[in-house]
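# Structural characterization, general
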Amino acid sequence: MTDPLSPRDVLDFWFAQEPETHFKADPAFDEEIRARFGAAHEAALDGAFDGWAETPDGALALIILLDQFARNIHRDTPAMFAADAKALSLARAAVEAGQDLELPAPARSWIYMPFMHSEALDDQDRCIVLCERSGLDDTLHWAKVHADIIRRFGRFPHRNDILGRTSLAEERVFLANGGFNG
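What comes next concerns the included structure. Sequence positions are assigned chain by chain, starting from 1 and proceeding in written order. Note on the predicted model: pLDDT of at least 70 is required for a residue's local features to be given, and 80 or more for side-chain atom pairs to be given and counted; whole-chain, interface and lining totals, by contrast, use all residues. Water and hydrogen atoms were dropped before computing side-chain values, which therefore reflect all heavy atoms in the structure.

A few words now on the packing of helix α3 (residues 56-73) against helix α4 (residues 84-96). Axis angles are defined between N-to-C directions and span 0 to 180 degrees, where every axis is a line fitted to C-alpha atoms and, for a helix, only to the segment in contact. Helical segments are the DSSP runs of H or I of at least four residues, strand segments are the runs of E of at least two, and each set is numbered from the N terminus. The geometry of α3 relative to α4 is characterised by a closest axis approach of 9 Å and an angle of 150 degrees between their N-to-C directions. Regarding the angle of α3 to α4, the classification is roughly antiparallel. Along this stretch, α3 crosses α4, giving a crossing that reads as left-handed. When α3 is examined against α4, the residues Ala-59, Leu-62, Ile-63, Leu-66, Asp-67 and Arg-71 are found in contact with a partner set consisting of Asp-84, Lys-86, Ala-87, Leu-90, Ala-91 and Ala-94. When residues are grouped by polarity, Ala, Val, Leu, Ile, Met, Phe, Trp, Tyr, Cys and Pro land in nonpolar, Asp, Glu, Lys and Arg in charged, and all others, Gly among them, in polar. Split into classes, the residues belonging to the contact of α3 with α4 amount to eight nonpolar, no polar and four charged. By the definition adopted for this analysis, an angle is roughly parallel if under 35 degrees, roughly antiparallel if over 145, roughly perpendicular if from 65 to 115, and oblique otherwise. Each crossing gets its hand from how the near helix is turned against the far one by less than a right angle, where anticlockwise is left-handed and clockwise is right-handed. It only takes one pair of heavy atoms within 4.5 Å for two residues to be counted as in contact.

Below is the structure:
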């Protein structure tokens, strides 16, 4: 019998990776996450690990499981965004409770990531403020890039094909010129 999944399992796995691994498409890494955490991701989406959100480490692990792992497990499918609303709700609650401030600054960026993934400008602006407050300069750069795209288009054009949305002419030009693929 295997031990039940714990927040530490998620955090140890995620933070053992080289930082660049988190942001590049790698089928082998995606498969590793799918094999190790796919069932847990689905269970988390259904509320099985909601109790983790009571502690800063638990909230962080749950947000990573829902927000980041979804992007690996379900890459290039609409399901990669299916947990975004729940991850964002957990991130809001963690920030409201001050849990983000109980974590080391580099770990906070993962609490803030659901704000950056949101297509709502208020969430984008909040991400910028949170990154500034925490001195997360690298994350702040990307938060500003994301916010600029939302200001310009009101959504992320790189998601259009995946989500079955029709791209507007300006979005097609943006994507053809390199756009944003993060």
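When the centres of two rings from Phe, Tyr and Trp lie within 6.5 Å, Trp using its six-membered ring, the rings pair. Their planes under 30 degrees apart give stacked, over 60 give edge-to-face, and anything left gives tilted. In total, this model carries 10 aromatic pairs according to the counting rule given. Arranged with centres 5.2 Å apart and planes meeting at 85 degrees, the rings of Trp-14 and Trp-110 form a pair that is edge-to-face. With Trp-14 in helix α1 (residues 7-16) and Trp-110 in helix α5 (residues 105-117), the pair connects residues that are 96 residues apart, well separated along the chain. Neither Trp-14 nor Trp-110 differs from the other in exposure class; each is buried. Pairing Phe-37 with Phe-69 gives two aromatic rings, centres 4.9 Å apart and planes at 40 degrees, and the pair type is tilted. Here Phe-37 is found in helix α2 (residues 27-45), whereas its partner Phe-69 is found in helix α3, with 32 residues between them in sequence. Accessible area is worked out with a 1.4 Å probe on protein chains only. A residue is then buried under 20% of its type maximum, exposed over 50%, and partly exposed in between. Residue classification places Phe-37 among the buried residues on the basis of a relative accessible area of 2%.

Let us now look at the side chain of Gln-124. As for its position among the elements, Gln-124 is in helix α6 (residues 121-134). Not counting chain neighbours up to four residues away, the residues in contact with Gln-124 comprise Phe-115, Met-116, His-117, Ser-118, Ala-143, His-146, Ala-147, Ile-150 and Phe-156.

Once that is clear, we can look at the side chain of Glu-171. Here Glu-171 is to be found in helix α9 (residues 169-176). In this structure, Glu-171 is in contact with Phe-153, Arg-155, Pro-157, Asn-160 and Thr-166, ignoring residues within four places of it in sequence.

Positioned with a positive phi, Asp-76 is a non-glycine residue whose angle comes to about 65 degrees. Note on placement: Asp-76 falls in the loop between α3 and α4.

How far a helix is expected to stretch is found by multiplying one less than its residue total by 1.5 Å. Helix length check: helix α7 (residues 137-153) (17 residues) gives 24 Å between terminal C-alpha atoms against 24 Å at 1.5 Å per residue, within 8%. Every buried residue of α7 is listed here: Thr-139, Leu-140, Ala-143, His-146, Ala-147, Ile-149, Ile-150 and Phe-153. Residues of α7 that are buried make contact with α5, α6 and α9. Trailing α7 by a residue or two, Gly-154 shows a phi angle of about 80 degrees, which is positive.

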